[in-house]
Structure formats: structure tokens, C-alpha cells
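Listed below are the residues making up each chain.
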Amino acid sequence: MNDTIAAIATPYGSGGIGVIRISGPRAFEIVTLLFSTTQGPKKITPVLVSHRVRHGFILDNSDPATPQVIDEVLVIPMQAPRSYTAEDVVEIQAHSGTIVLKIILELVISQGARLSEPGEFTKRAFLNQRIDLTQAEAVADIINARSANSLKFASSQNRGELNRRIQQLRAPLINLLSRLEASIDFPDEVETFEISPDERDQLDQVMEKSKKFIQQHDDACFLKDGIRVAICGKPNVGKSSLMNRLLEQDKSIITPVPGTTRDPIEEGLNINGIPFVIIDTAGIHETDDLVEIIGIEKAKDHIATADLILFMIEPGSVFSEKEFQKMIPPEENLEKKIIMVINKIDLLQEHGNKDLPQLTPAHAKIPVVKISALLNQGIKQLKEKIVETCIRDLSLERSAVIPNLRHKKALELTLSFLESVKTGLAQGQEEETLAIDMKNSIDSLGTITGETASIDILDTIFNNFCIGK
Ligand SMILES: Nc1nc2c(ncn2[C@@H]2O[C@H](COP(=O)(O)OP(=O)(O)OP(=O)(O)O)[C@@H](O)[C@H]2O)c(=O)[nH]1
Ligand SMILES: [Mg+2]
């Protein structure tokens with residue numbers, strides 16, 4: 001933390017502007033050595049005033065007699081603690097080209113800065129207590145957001161919303177622990193510990209809220225990683241044709257030959273800001289073809305792990321309970337969301353409406369959408385139905401705070417400690433034992449915000465960042 005770090009903060013490649021970021025006690029000094037407001041040999045040392053942009057040039061002074069202008073730049077100095085890392089920071093805005101940024105970075109390093117590690121700027125912001133751990137994690141989430149929704153959650157977390165909620169959970173626990181400890185430390189002055197109805201209420205509320213957060217994580221996983229939609233059906237019903245229509249690109253091979261698709265093909269798709277992963281699978285039927293058999297096994301794996309199944313069927317065929325269950329086993333289809341997609345409705349004129357497959361009464365609740373993948377008909381309605389089916393029972397609008405997997409595990413741990421506090425209370429356990437469980441539950445909440453996070457946790461989090469962030 002005592003050295004000065006530097007990195008290129010913008011993506012590799014050509015662009016309008018590229019930023020080099022320098023943070024640490026020597027940031028101002030290093031930039032002053034390389035920066036000049038005039039193009040010729042440096043006559044006066046420029047003064048950098050905090051939060052004032054300066055225009056000038058980065059010079060290579062290795063031969064002081066003939067300084068070489070590397071690039072025309074803007075320099076933004078930010079004195080501690082009013083900066084991203086809460087240290088002295090200078091950002092150099094140069095033109096963005098691989099070579100120009102690399103040379104400027106090398107000059108900065110030749111003056112004594114060190115190349116930063118991944119996430120080191122954000123890590124410093126955390127260690128300097130400008131942000132808590134959930135906010136640091138949110139920085140990575142904002143950078144990696146793949147949909148408007150993920151961005152919304154990450155941004156609210158970045159503003160400290162999750163931190164506030166976790167502190168709200170911790171506060172009553174800390175109060176309870178301090179009462180417990182007082183009765184342990186001063187047994188003569190303080191009465192034997194007994195939990196008050198209010199405290200019991202608060203304990204229950206903390207547990208309730210923790211459970212809710214965990215649920216929100218599970219719901220939101222969909223929205224962060226993409227809702228997995230598997231297209232399944234018999235060979236040749238038009239699964240690959242539908243895949244390509246949904247994606248609006250030729251991703252899967254389409255032929256009139258049944259058994260065209262073997263390997264499952266998956267691709268991300270954004271509908272109304274919600275990320276989906278669409279999976280085209282091999283047609284499921286009885287076959288002796290070894291390659292097809294493997295493809296069918298894989299198709300079944302994808303059906304089992306999908307969040308939504310598009311069960312495809314074509315006019316003229318009959319919905320058979322037995323075949324349906326071969327594709328989607330009954331235990332799956334109780335929990336799974338399923339849409340029946342009748343494809344090739346352009347052929348109906350030929351066959352007439354009587355050829356539409358009918359669901360059996362047992363499956364009457366499955367929504368049906370009619371499309372023609374060939375003529376691109378009904379695709380918009382199908383997309384709407386997909387969104388409606390998946391989002392219907394998610395309770396996300398009420399709260400924009402979404403714990404990630406790490407937070408969820410910490411919350412589960414907290415819950416298990418609080419469960420044992422409750423059992424302990426019921427069984428009249430000793431105060432010392434109760435206090436240990438209470439303390440563990442508080443510490444485990446603290447790993448979320450970083451108060452009690454170990455070096456290992458910090459390393460795992462910051463190593464996932466890009467360099468320069
Ligand atoms: N008339 C008509 N033909 C279609 C429609 N959709 C697909 N087809 C045709 O049906 C045939 C099979 O289409 P695919 O998309 O390859 O079917 P699939 O279900 O992926 O087939 P497999 O990968 O072999 O299981 C092709 O000849 C398509 O042109 C449609 O809406 N109407
Ligand atoms: Mg196919």
C-alpha cells in the first residue's frame with residue numbers, strides 16, 4: 001500500500017481515448033516529471049492542482065537535450081482522499097492505441113511506479129475504507145453486466161444498498177451479544193441473561209430477512225446468468241429453425257434430413273433486457289445410430305437442467321403422453337416451466353385445423369404457441385410468452401438488492417449459527433456457548449461486507465478483476 005501503482009485502465013485496442021491510472025503517494029510527482037504544458041524542452045515544472053484538468057504533452061526525457069513528445073494528453077489529478085482509491089491518483093487521458101498507451105505506461109514505471117495487479121485499485125479503495133466489500137464486488141458486476149437488469153442490481157449494490165441491509169441485520173445481533181457478554185463478564189452486577197420478547201422477535205426477524213435474501217439470490221441467478229431455455233422435440237419438427245429465428249442468425253444447421261442436430265448448440269439471447277441461453281438439441285426418438293444416441297443423451301441432460309422447455313411438435317402428429325414423458329420425465333415436468341410450440345402452422349391450410357395436436361387433460365395447463373419458423377410467424381408472441389412464463393413468479397421488483405453466491409453462503413452460515421442460538425436458548429444453554437454462536441453469526445455477516453473477511457476471500461474477489469480496475 002505504500003508504493004505507487006499504475007495500469008492502463010481502458011480496454012486494449014484502438015479508440016478515441018485511453019486512460020492510464022496512477023495511484024499512490026508518488027502519483028503527482030511521477031506525472032509532473034513526464035508532463036509538460038509545452039512541446040519543447042521543459043522550462044517550468046507544471047503544477048498539478050487537485051481536481052483541475054490540465055492539457056499538455058507526455059514527454060520522453062531519456063535524453064534531456066532532445067525530449068520526445070509521445071502524445072498530447074489531458075491530465076486529471078485527484079488528491080487523497082477524494083479519489084477512487086482514496087489515495088493520490090492521477091489519470092492521464094491519451095489517445096487510445098496499443099503502442100502509445102504502452103509507451104506512456106513504461107515511462108510511468110521507469111519513474112518508479114509499479115504495474116498494478118488485477119483489481120488492485122479497487123482493493124485499495126476497500127482497504128482504505130472508502131467502499132465496503134459488497135461495493136467492490138459490484139464494480140466487477142457493473143463491468144460484466146450482460147443485461148439492463150444485472151446492471152440495475154450491480155449499480156444499487158455499488159451505492160452501498162446491500163451493505164446497509166447487512167448492517168441492519170448485524171445491529172440487533174451485536175446488541176444481543178453485548179448483553180450476553182456483560183452477564184458473562186460481570187456476573188455479580190448483571191442479572192443472569194434472559195432473552196426479552198423484543199429480542200426474540202428481532203432474532204426471528206433477522207432470520208426471516210436472511211432467508212428472503214437467500215431466496216432473492218436464487219431468483220436472480222436467472223437474471224444474471226441467463227434463463228436456460230432448451231428446445232426439444234422429435235427429429236425434424238423445426239427445433240434448429242426456431243433456434244435461428246429466436247437468435248435472428250444462422251447458428252444451427254437446418255436440413256430436411258431427420259437427425260441433423262447432434263451436439264447441443266447454445267447461444268445467449270437478450271429479450272426485453274433479460275438474458276436467456278437458448279439450447280438447440282438433437283431430436284429425441286428411438287435409434288440405433290451411435291452418434292445420435294449420444295446426442296439424445298446430451299439433449300436429455302439439457303432438458304433436465306433447463307429452466308424452461310420449449311416442447312416442439314408439428315401439425316399432423318398427435319401429442320402422446322408416453323412420448324412426452326420420454327422427453328420430459330414426470331418428476332421434471334412437475335416443477336419445470338414448459339411451453340408447447342406447434343411449428344409449421346403454414347402447413348395447416350393443407351392439413352386443416354383438425355391436424356393441430358391437442359394436449360391431454362393432465363397437461364391442459366401448459367401454454368401453447370403456434371408458429372411457423374419457416375415463415376417467421378408467431379416468433380414475437382413466443383418471445384413474449386417465454387418472458388411471461390419465466391418472470392411471472394420472480395419477486396425481484398420489490399427489492400433491487402441481490403446477494404451473490406458468496407453472500408448467500410455467508411447468509412446460510414449465519415442462519416445455521418442463529419438456529420443453534422435458538423436451540424441453545426430453548427434448552428437453557430450456558431451463556432458462554434450462546435455467545436460463541438452469536439459471535440460466529442455476526443462474523444459471518446461481516447465476511448459479506450468485509451469487516452471480518454479473510455485474506456483468502458479478498459484474494460479470490462480481487463483476482464477476478466481486470467488490471468486497471
Ligand atoms: N413448412 C415448414 N417447414 C419447416 C418449418 N420449420 C422448419 N421447417 C423445415 O423442417 C425441416 C427440419 O428443420 P430443422 O430446423 O432442421 O428441424 P430440427 O427439429 O432441428 O431437426 P433435427 O435436428 O434433425 O432434429 C427443414 O426442412 C425445415 O426447412 C416451418 O415452420 N414450416
Ligand atoms: Mg436440428
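Regarding the overall build of the protein
Point 1. Looking only at helices and strands, one finds 16 helices and 13 strands in the protein.
Point 2. Taking 2.2 N^0.38 as the reference for a compact globule, 469 residues should give roughly 23 Å; the C-alpha atoms of the protein span a radius of gyration of 30 Å, well beyond that estimate.
Point 3. Among the 469 residues that make up the protein, the fraction classed as buried is 38%.
Point 4. For the protein, contacts bridging at least 24 residues in sequence account for 67% of all contacts bridging at least 6.

Focus: the environment of Ser 150
Point 1. Along the chain, the position of Ser 150 falls in helix H5 (residues 148-158).
Point 2. Separated by 124 residues in sequence, Ser 150 and Ile 274 place their C-alpha atoms 8.6 Å apart.

As for the packing of helix H4 (residues 133-144) against H5
Point 1. Two elements in contact, H4 and H5, have axes whose closest approach is 8 Å; the angle formed by their N-to-C orientations is 150°. The angle between H4 and H5 falls in the class roughly antiparallel. Crossing of H4 against H5: the hand is left-handed. Facing Thr 134, Gln 135, Ala 138, Val 139, Asp 141 and Ile 142 of H4, the residues of H5 in contact are Ser 150, Leu 151, Ala 154, Ser 155, Gln 157 and Asn 158.
Point 2. Partitioned by chemical class, the residues of the contact of H4 with H5 number 5 nonpolar, 6 polar and 1 charged.

Side note on the packing of helix H6 (residues 161-185) against helix H15 (residues 431-449)
Point 1. Remark: H6 packs on H15, axes separated minimally by 9 Å, with the N-to-C direction vectors making an angle of 160°. With respect to their mutual orientation, H6 and H15 come out roughly antiparallel. Seen along the crossing, H6 lies across H15 with a hand that is left-handed. Contacts between H6 and H15 pair Asn 163, Ile 166, Leu 169, Arg 170, Leu 173, Ile 174, Leu 176, Leu 177, Leu 180, Glu 181, Ser 183 and Ile 184 from the former with Glu 431, Glu 432, Leu 434, Ala 435, Met 438, Lys 439, Ser 441, Ile 442, Leu 445, Ile 448 and Thr 449 from the latter.
Point 2. Class assignment for the residues of the contact of H6 with H15 results in 14 nonpolar, 4 polar and 5 charged.

Quick look at the site of ligand 1
Point 1. Around ligand 1 sit 23 residues, and of these Gly 238, Ser 240, Thr 261, Gly 283 and Leu 374 come closest.
Point 2. In terms of residue class, the shell around ligand 1 is made up of 9 nonpolar, 11 polar and 3 charged.

Points about the nonpolar core
Point 1. Residues Val 229, Ile 231, Cys 232, Ile 309, Phe 311, Met 312 and Val 341 are the most contacted members of the largest nonpolar core, which totals 77 residues.
Point 2. Split by domain, the residues of this core number at least three in each of domain 2 (161-221 + 404-463) and domain 3 (226-391).
Point 3. Ala 27, Ile 58, Ala 94 and Ile 104 belong to the second largest nonpolar core, which has 31 residues in total.

Examining the pairing of strand E5 (residues 68-78)
Point 1. The pairing of strand E4 (residues 54-60) with E5 spans 7 bridges and is antiparallel. Each residue of the ladder has a partner; that of Gly 56, found in E5, is Val 73.
Point 2. In the sheet, E5 pairs with strand E6 (residues 89-96) via 5 bridges, with the strands oriented antiparallel. Along E6, the bridge assignment pairs Ile 76 with Glu 91.

Side note on the domain arrangement of the protein
Point 1. What the domain assignment lists for the protein is domain 1 (5-116), domain 2 (161-221 + 404-463) and domain 3 (226-391).
Point 2. Put simply, the middle of domain 2 and the middle of domain 3, counted by C-alpha atoms, are 46 Å apart.

Details of the pairing of strand E9 (residues 265-271)
Point 1. By the bridge criterion, 7 bridges tie E9 to strand E10 (residues 274-280) in an arrangement that is antiparallel. Across the sheet, residue Asn 270 finds its bridge partner in E10, namely Pro 275.

So, helix H13 (residues 379-391)
Point 1. When the terminal C-alpha atoms of H13 are compared, their 18 Å separation across 13 residues agrees well with the 18 Å that a helix rising 1.5 Å per residue should span.
Point 2. Among the residues making up H13, those that are buried are Leu 382, Ile 386 and Cys 390. One face of H13 carries all of its buried residues, which in axial projection span an arc of 60°. Those residues of H13 that are exposed and aimed more than 90 degrees away from the buried face are Lys 380, Gln 381 and Glu 388.

What to know about the sheet that holds strand E8 (residues 227-233)
Point 1. What the 6 strands build is an open sheet, ordered E9-E10-E8-E11-E12-E13; its pairing is mixed. The open sheet has two edge strands with one neighbour each: E9 and strand E13 (368-370). Going across the sheet, the axis of each strand differs from the next one's by a mean of 25°, ignoring polarity.
Point 2. Contacting E8, E9, E10, strand E11 (308-313), strand E12 (337-342) and E13, H13 crosses the sheet at an angle of about 165° to E12.

Observations concerning H15
Point 1. In this model, H15 (19 residues) spans 27 Å end to end at C-alpha, consistent with the 27 Å of a helix rising 1.5 Å per residue.
Point 2. Restricting attention to buried positions, one finds in H15 the residues Leu 434, Ala 435, Asp 437, Met 438, Ser 441, Ile 442, Ser 444, Leu 445, Thr 447, Ile 448 and Thr 449.
Point 3. Where H15 is buried, its residues contact H4, H6, helix H14 (405-426) and helix H16 (455-463).
Point 4. Where H15 terminates, the next one or two residues include Gly 450, which has phi positive at roughly 110°.

Some thoughts on the sheet that holds strand E3 (residues 35-36)
Point 1. Spatially, 7 strands are ordered E3-E4-E5-E6-E2-E1-E7 in an open sheet, and the strand pairing comes out mixed. A strand with exactly one partner marks an edge of an open sheet, and here the two such strands are E3 and strand E7 (114-115).
Point 2. Taken together, the 8 bridges between strand E2 (residues 15-23) and E6 define a ladder with antiparallel strand orientation. Within E6, the residue paired with Val 19 across the bridge is Gln 93.
Point 3. Packed onto the sheet, helix H1 (residues 27-34) meets E2, E3, E4, E5 and E6 and runs at close to 40° relative to E6.

Cut-offs applied
- Residues numbered from 1 in each chain as written.
- Chains lettered and ligands numbered in written order.
- Predicted model: local features only at pLDDT ≥ 70, side-chain atom pairs only at ≥ 80, totals over all residues.
- Helix = DSSP H or I, 4+ residues; strand = E, 2+ residues; numbered from the N terminus.
- Rg over C-alpha atoms; globule rule 2.2 N^0.38 Å.
- Buried ≥ 20, exposed ≤ 12 C-beta atoms within 10 Å, placed from the backbone.
- Contact = placed C-beta atoms within 7 Å.
- Axes fitted to C-alpha atoms, helices over the stretch in contact; angles between N-to-C directions.
- Parallel < 35°, antiparallel > 145°, perpendicular 65-115°, else oblique.
- Left-handed = near helix turned anticlockwise from the far one by under 90°.
- Nonpolar A, V, L, I, M, F, W, Y, C, P; charged D, E, K, R; others polar.
- Near = placed C-beta within 6 Å.
- Core = buried A, V, L, I, M, F, W, Y, C linked by C-beta atoms within 7 Å.
- Domains from an automatic or database assignment.
- Pairing = 2+ DSSP bridges.
- Expected span 1.5 Å × (residues − 1).
- Arc of directions from axis to C-beta.

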